[in-house]
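Residue-level structural notes
What follows is each chain in one-letter form.
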Amino acid sequence: MCLAVPGRVVEIAERDGTRMAVVDFGGVVKDVCLEYLPDLAVGEYAIVHVGFALQRLDEESAQRTLGLFAELGLLQEEFSDPWEAAAQDAPGREANR
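Residues numbered from 1 in each chain as written. Predicted model: local features only at pLDDT ≥ 70, side-chain atom pairs only at ≥ 80, totals over all residues. Heavy atoms only, no water.

1. Let's talk about the overall build of the protein
Threshold: Numbering of helices and strands runs from the N terminus; a helix is a DSSP stretch of H or I covering at least four residues, while a strand is a stretch of E covering at least two. Only protein chains enter the accessibility calculation, which uses a 1.4 Å probe; a residue is then buried when its area is under 20% of its type maximum, exposed when over 50%, and partly exposed in between. Here a residue-residue contact requires only that any non-hydrogen atoms of the pair lie within 4.5 Å.
Broken down by element type, the protein carries three helices and five strands. In the protein, the order of α-helices and β-strands from amino to carboxyl end is β-β-β-β-β-α-α-α. Counting over 97 residues, the protein shows a buried share of 28%. For the protein, the proportion of contacts with a sequence separation of at least 24, taken over those separated by at least 6, is 36%.

2. Quick word on the nonpolar core
Definition in use: Only buried residues count toward a nonpolar core, which is a set of Ala, Val, Leu, Ile, Met, Phe, Trp, Tyr and Cys residues joined through side-chain atoms within 4.5 Å.
V5, V23, F25, V32, L40 and A53 are the most contacted members of the largest nonpolar core, which has 16 residues in total. Of all elements in the fold, only β1 (5–15), β2 (18–25), β4 (45–49) and α1 (59–72) reach the threshold of two or more residues within this core.

3. A few points about the packing of aromatic side chains
Note the cut-off: Geometry of aromatic contacts follows a simple scheme: Phe, Tyr and Trp rings, the Trp one being its six-membered ring, pair when their centres are within 6.5 Å, and the pair is stacked under 30 degrees between planes, edge-to-face over 60, tilted otherwise.
All told, the structure shown has one aromatic pair when counted by the stated rule. On the basis of an interplanar angle of 40° and a centroid distance of 5.5 Å, the ring pair of Y36 and F52 is categorised as tilted. Separated by 16 residues along the polypeptide, Y36 in the loop between β3 (28–33) and β4 and F52 in strand β5 (residues 52–57) bring together distant segments of the chain. Looking at Y36, the relative accessible area reads 55%, which means it is exposed.

4. Topic: the pattern of salt bridges
The condition is simple: Salt bridges are defined as contacts in which a side-chain nitrogen from Lys or Arg sits within 4 Å of a carboxyl oxygen from Asp or Glu.
Within this structure, the stated rule accounts for four salt bridges. For E60, the salt bridge is made with R64, and the minimal N-O distance between the two is 3.4 Å. In this pair, E60 and R64 both sit in helix α1, four residues apart, roughly one turn of the helix. Note on R64: relative accessible area 47%, which makes it partly exposed.

5. Some thoughts on unusual backbone geometry
For residues that are not glycine, phi is negative in most cases, and the peptide bond is trans in most cases. One non-glycine residue with positive phi stands out, namely D16, at about 50°. Secondary-structure assignment places D16 in the loop between β1 and β2. We note that V50 has phi near 45°; this positive angle belongs to a residue other than glycine. Position of V50 among the secondary structure elements: in the loop between β4 and β5.

Shown next as structure tokens:
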């Protein structure tokens, strides 16, 4: 599944001519392209989909959504390593859980 997830901008820099940000998604930090929201500032929240900030979001809405996603386990699903998840689900791993 691929969700649009709210995140808080922690840092902004230009990389190879592209405005980029470090964004915190409730403890998971990722690089995000800001080309669709060029005036987004550090400390603001945005909805991010496939590495692009798409829409500015107020903090209350962002926190509420992140809480719901975490409660449903969707943040872990969205940001987990698929190879690690497959290894955890591999036959013979039940004894190690």
